[in-house]
Amino acid sequence: MPIEIRVDQQLGVVRSTVTGSLSAEDYLAHGARILATPNLPTPYREIFDTSEVGEMSIGLAEIGEHTAPPSAEIFASILPARIGVIACTDVSYGLARMFQAFGAQIGFIVGVFR
């Protein structure tokens, strides 16, 4: 799994770091792994760092699936979620902006940073 999840209890933030290549399956599984992580901070805050990603094989369909209105029920326990995405490439930046737009529909407050 190229997404490492660490919970910093002192700062109250989840740090997700992507390394190597990111597949659609990894991206979609990330949400389930987050929800299964014990001791999530309240309110939920996450830094999703893609600065070490080599290749991304996800697209609009997977982002839409992950942030579709039924996902609001799945993620209800962490909403409203504040998520900062570190995106260093044009591709990761574009995907993060799509996530930002779609995520707003279900209660994700997303900032995208280069």
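Residues numbered from 1 in each chain as written. Predicted model: local features only at pLDDT ≥ 70, side-chain atom pairs only at ≥ 80, totals over all residues. Heavy atoms only, no water.

Turning to the environment of Asp-90, a few remarks are in order. Here Asp-90 shows up in helix α4 (residues 90-103). Asp-90 sits in the exposed class, given a relative accessible area of 62%. With 24 residues separating them along the chain, Asp-90 and Arg-114 place their C-alpha atoms 9.2 Å apart. In this structure the side chain of Asp-90 is engaged in a polar contact, spanning 2.6 Å, whose partner is the side chain of Arg-114. (Helix = DSSP H or I, 4+ residues; strand = E, 2+ residues; numbered from the N terminus. Buried < 20%, exposed > 50% of the residue type's maximum accessible area, 1.4 Å probe, protein only. Polar contact = N/O pair within 3.5 Å; in protein donor to acceptor, adjacent residues only side chain to side chain.)

Locating Arg-97 in the fold gives a position in helix α4. Arg-97 gets classed as partly exposed once you look at its relative accessible area, which sits at 42%. Put simply, Arg-97 and Val-110 are 13 residues apart on the chain and 8.6 Å apart in space, counted from C-alpha to C-alpha.

Further remarks concern empty space enclosed by the protein. Here the structure, examined in full by the defined rule, presents 1 cavity of 30 Å³ or more. The wall of the largest cavity is formed by 22 residues, among which Tyr-27, His-30, Phe-48, His-66 and Phe-99 lie closest to the centre. Within the residue set of the lining of the largest cavity, elements represented by two or more residues are α1 (24-35), β3 (45-57), α2 (60-66), β4 (81-86) and α4. When the residues that make up the lining of the largest cavity are grouped by side-chain class, the tally is 16 nonpolar, 5 polar and 1 charged. (1 Å grid on protein atoms, 1.4 Å probe; cavity = no way out; pocket = protein on both sides within 12 Å on 5 of 7 lines; lining within 4 Å. Points joined across faces, edges and corners; volume = space filled by probe spheres on them. Nonpolar A, V, L, I, M, F, W, Y, C, P; charged D, E, K, R; others polar.)

Attention now moves to the sheet that holds strand β2 (residues 13-23). The sheet built from 5 strands is open, its strands ordered β1-β2-β3-β4-β5 with mixed pairing. Strands with a single pairing partner mark the edges of an open sheet, and in this sheet they are β1 (3-8) and β5 (108-113). Within the sheet, the average angular offset between the axes of one strand and its neighbour, ignoring direction, is 15°. Strand direction decides the pairing type here: β1 and β2, joined by 6 bridges, are antiparallel. When the sheet's bridge partners are listed, Asp-8 is paired in β2 with Val-13. Sheet strands in contact with α1 are β1, β2 and β3, and its direction is about 160° off that of β2. Across the face of the sheet, α4 comes into contact with β3, β4 and β5 while running at roughly 160° to β5. (Pairing = 2+ DSSP bridges. Axes fitted to C-alpha atoms, helices over the stretch in contact; angles between N-to-C directions. Contact = heavy atoms within 4.5 Å.)

Looking down a regular strand, the side chains alternate between one sheet face and the other. Alignment of β2 against β3, held across 9 bridges, turns out to be parallel. Considered in β3, the bridge of Ser-23 is made with Ser-57. Tracing the backbone out of β2, into α1 and back to the parallel element β3 gives a crossover that is right-handed. Pairing analysis gives 5 bridges linking β3 to β4, with the strands arranged parallel. Following the sheet pairing, Arg-45 is matched in β4 by Arg-82. (Right-handed = clockwise from strand over helix to strand, strands pointing away.)

For side chains of opposite charge, pairing can occur when their charged atoms come near one another. In total, this model carries 3 salt bridges according to the counting rule given. Between Glu-4 and Arg-6 there is a salt bridge, and its shortest N-O distance comes to 3.5 Å. Judged by its relative accessible area of 45%, Glu-4 falls in the partly exposed class. On the basis of relative accessibility, which here comes to 41%, the residue Arg-6 falls in the partly exposed class. (Salt bridge = Lys/Arg side-chain N within 4 Å of Asp/Glu carboxyl O.)

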